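# Reading the structure
The chain contents come next:
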Amino acid sequence: MATVTFDHMYKRYSEDVVAVNDLNLEIGDGEFICLVGPSGCGKTTALRCVAGLEDISDGRLLIGDKVVNNMAPKDRDIAMVFQSYALYPHMTVYDNLAFGLKLRKMAKDEIDRRVREGAEILGLDKYLDRKPRALSGGQRQRVALGRAIVREPSVFLMDEPLSNLDAKLRVQTRAEIARLHQRLGTTTIYVTHDQVEAMTMGDRIAVMRDGILQQVGTPQQLYDHPVNVFVAGFIGSPAMNFASTRTDGSDLVFGGHRLVLGGEQARVVAQRPAGAEVLIGFRPEHLEIANGQDSAVRFKAAVDVVEYLGNDELIHAMSEGHEVVALIPSSHRVTVGSQIEFAIPMDKLHIFDPGSEKALAA
């Protein structure tokens, strides 16, 4: 196992196209870190730089204490799992697992030991004689994982490995990868655009946008304390609500409603000019039906769509021209066209500067 360090790393394709921009990130020995962000944010490019599939334009990349900028991929002691399973269709599962080890001219008994141990870990024992076409999508992905495992590398690199699976298989395979990491403890860099995968799997999450690292922290840190509007909107499902408000002393005015603040929030707002614009954010799952809460900000909204989800309902409502989404227990039996008074616990309200989009208080 090993640490992976991005030291002011850049990847430029031209003067105008900078895929990775001054990336500084240290991944601990045995850590499972997820690189997340929308398409084109640079996360896969960063991963390919670690794999040696992309040249580094500037800065350094270290695996352990070795600078690997100019090291060949085969010498980096890494194993990569691709989005497409990349299995050899004419080979059996056994031969697919063993192929990389044979290229290394490893002894036959050592190859056999590693292949059978890897197959046992992933529950592939019964399928070693089958070819990929006789396997389900989930089984093929496990073979792709097994091919990485048998190499016993210092670092696993995973590039959106679950994107080709259906919803049920994604959840199942997600759990298998998490258990696999707990068992092996290998340093893992996992790239995904799915923040739910990142939240459920990663020890830490690194959020990227336009090649720039926005924030890195534990899933709980990013959920509770996003540093800017982008991270706040990207992390969490359903996405955070945002609304423009105006300052009035230490309070805010949201549409025709006064949001009475306290503590750090009131102090931050009071420092801004009267009538200044401020952006607030609040998560759908933190909205409640108002019921006399003293420590909550309240506003009224008209319901226009109700999505029944079983135990919960996703409520779409309008308040003074702002669309608001709320996730509440279905026992409330909200109906379309009804007027609801929502409450937001003050400790769940996020406040952002509308210009810089940086968090002012959360």
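For every chain, the first residue of its written sequence is number 1, and the numbers climb from 1 along that sequence. Whole-chain, interface and lining totals are the exception, using all residues; otherwise, since this is a predicted model, local features are given only for residues with pLDDT of at least 70 and side-chain atom pairs are given and counted only at 80 or more. No hydrogens and no water enter the side-chain calculation; it runs on all heavy atoms of the structure.

### Quick look at the pairing of strand E18 (residues 322-329)
Strands qualify as paired when DSSP identifies two bridges or more between them. In DSSP terms, a helix is any run of H or I states spanning at least four residues, a strand is any run of E spanning at least two, and both are numbered starting from the N terminus. One ladder, built from 8 bridges, connects strand E17 (residues 312-319) with E18; its direction is antiparallel. Residue Met318 lies in a different strand from E18, and its bridge partner there is Glu323. Between E17 and the antiparallel strand that follows it, E18, lie 2 residues; Glu320 among them carries a positive phi value of about 50°.

### So, the packing of aromatic side chains
Whether two aromatic rings pair depends on their centres lying within 6.5 Å, for rings of Phe, Tyr and Trp, where Trp uses its six-membered ring; planes under 30 degrees apart make the pair stacked, over 60 edge-to-face, and the rest tilted. Under the counting rule described, the total for this entry stands at 7 aromatic pairs. Consider the rings of Phe254 and Phe299, whose centres lie 5.2 Å apart with planes at 85°: the pair is edge-to-face. You can see Phe254 sitting in strand E12 (residues 251-254) and its partner Phe299 sitting in strand E16 (residues 296-308), a full 45 residues away along the chain. With a 1.4 Å probe rolled over the protein chains alone, any residue whose accessible area is under 20% of its type maximum counts as buried; one over 50% counts as exposed, and the rest are partly exposed. Among the residues examined, Phe299 registers a relative accessible area of 1% and is labelled buried. These aromatic residues form a ring-pair network of at least three members: Phe254, Phe282, Phe299 and Phe342. Any Lys NZ or Arg CZ found within 6 Å of a ring centre and within 35 degrees of that ring's normal is scored as a charge over the ring. In this structure, Arg12 is placed above the aromatic ring of Tyr10, and the distance from its NZ or CZ to the ring centre is 4.6 Å. The ring centre of Tyr223 lies 4.3 Å from the NZ or CZ of Arg283, which sits over that ring.

### Focus on helix H4 (residues 137-149)
What a helix is expected to span follows from its residue count: subtract one and scale by 1.5 Å. In a regular helix each residue adds 1.5 Å, so 13 residues correspond to 18 Å; H4 covers 18 Å between its end C-alpha atoms and thus fits that length. Counting buried residues in H4 gives 11 out of 13 residues, a clear majority hidden from the surface. The inward-facing, buried residues of H4 abut strand E6 (78-81), helix H2 (93-103), strand E7 (155-159) and helix H5 (167-184). In what follows, a contact means two residues having at least one pair of non-hydrogen atoms within 4.5 Å.

### Regarding the environment of Gln83
With respect to the secondary-structure elements, Gln83 resides in the loop between E6 and H2. The class for Gln83 is partly exposed, based on a relative accessible area of 35%. C-alpha of Gln83 to C-alpha of Arg204: the two residues are 121 residues apart in sequence and 21 Å apart in space. Setting aside chain neighbours within four positions, we find Gln83 in contact with Gln141, Asp159, Glu160, Pro161, Ser163 and Asn164.

### Concerning the pattern of salt bridges
Think of a salt bridge as a Lys or Arg side-chain nitrogen and an Asp or Glu carboxyl oxygen that are within 4 Å of each other. Counting across every chain of the model gives 17 salt bridges. The closest approach of N and O atoms between Glu54 and Lys11, which form a salt bridge, is 3.8 Å. Of this pair, Glu54 sits in the loop between helix H1 (43-51) and strand E4 (58-63) while Lys11 sits in strand E1 (residues 4-12); the two residues are 43 residues apart in sequence, bridging distant segments of the chain. Overall, the relative accessible area of 17% leaves Glu54 in the buried class. The salt bridge involving Arg272 is made with Asp353; its shortest N-O contact spans 2.5 Å. On the criterion of sequence distance, the pair formed by Arg272 in the loop between helix H9 (263-270) and strand E14 (277-282) and Asp353 in the loop between strand E20 (350-352) and strand E21 (359-361) is long-range, its members being 81 residues apart. You can call Arg272 partly exposed: its relative accessible area is 24%. One network of salt bridges, with partners in common, ties together Glu110, Arg113, Arg114, Glu117 and Glu152.

### Details of the packing of H2 against H4
Interaxial distance between H2 and H4 falls to 8 Å at its minimum, and their mutual angle equals 30°. Regarding the angle of H2 to H4, the classification is roughly parallel. With respect to the hand of their crossing, H2 and H4 are arranged in right-handed fashion. Of the residues in H4, those touching H2 at Val93, Asn96 and Leu97 are Val143, Gly146 and Arg147. Classes in brief: Ala, Val, Leu, Ile, Met, Phe, Trp, Tyr, Cys and Pro nonpolar; Asp, Glu, Lys and Arg charged; the others, Gly included, polar. When grouped by side-chain class, the residues that make up the contact of H2 with H4 number 3 nonpolar, 2 polar and 1 charged. For helices, the fitted axis covers only the stretch in contact; all axes are lines through C-alpha atoms, and the angles between them, taken along N-to-C directions, range from 0 to 180 degrees. The scheme is simple: roughly parallel for angles under 35 degrees, roughly antiparallel for over 145, roughly perpendicular for 65 to 115, oblique for anything else. A clockwise turn of the near helix away from the far one marks a right-handed crossing, whereas an anticlockwise turn of less than a right angle marks a left-handed crossing.

### With respect to the sheet that holds strand E9 (residues 204-209)
Strand order in the open sheet formed by 6 strands is E6-E7-E8-E3-E9-E10, with mixed pairing between adjacent strands. Edge positions in the sheet fall to E6 and strand E10 (212-217), since each has one partner strand and no second. Strand after strand, the sheet turns through a mean of 20° between neighbouring axes, direction not considered. Looking at chain direction, E7 and strand E8 (residues 187-192) are connected through 5 bridges and run parallel. Paired with Asp159 across the bridge in E8 is Val191.

### What about the sheet that holds E4?
Spatially, 4 strands are ordered E2-E1-E4-E5 in an open sheet, and the strand pairing comes out antiparallel. Every interior strand has two partners, whereas the edge strands, strand E2 (18-27) and strand E5 (66-67), have only one. Bridging between E1 and E4 involves 5 bridges; their strand directions are antiparallel. Considered in E4, the bridge of Phe6 is made with Leu61. Sitting on the sheet, H1 is in contact with E1, E2 and E4, with an inclination near 115° to E1.

### Let's talk about unusual backbone geometry
Going from Ser237 to Pro238, the amide bond is cis rather than trans, its omega being 0°. Considering the arrangement of structural elements, one finds Pro238 in the loop between helix H8 (229-234) and strand E11 (241-248). Look at His8: it is not a glycine, yet its phi comes out positive at around 50°. If you trace the backbone, His8 turns up in strand E1. Residue classification places His8 among the partly exposed positions, given a relative accessible area of 42%. With a phi angle near 55°, Asp22 is a residue other than glycine that sits in the positive phi range.

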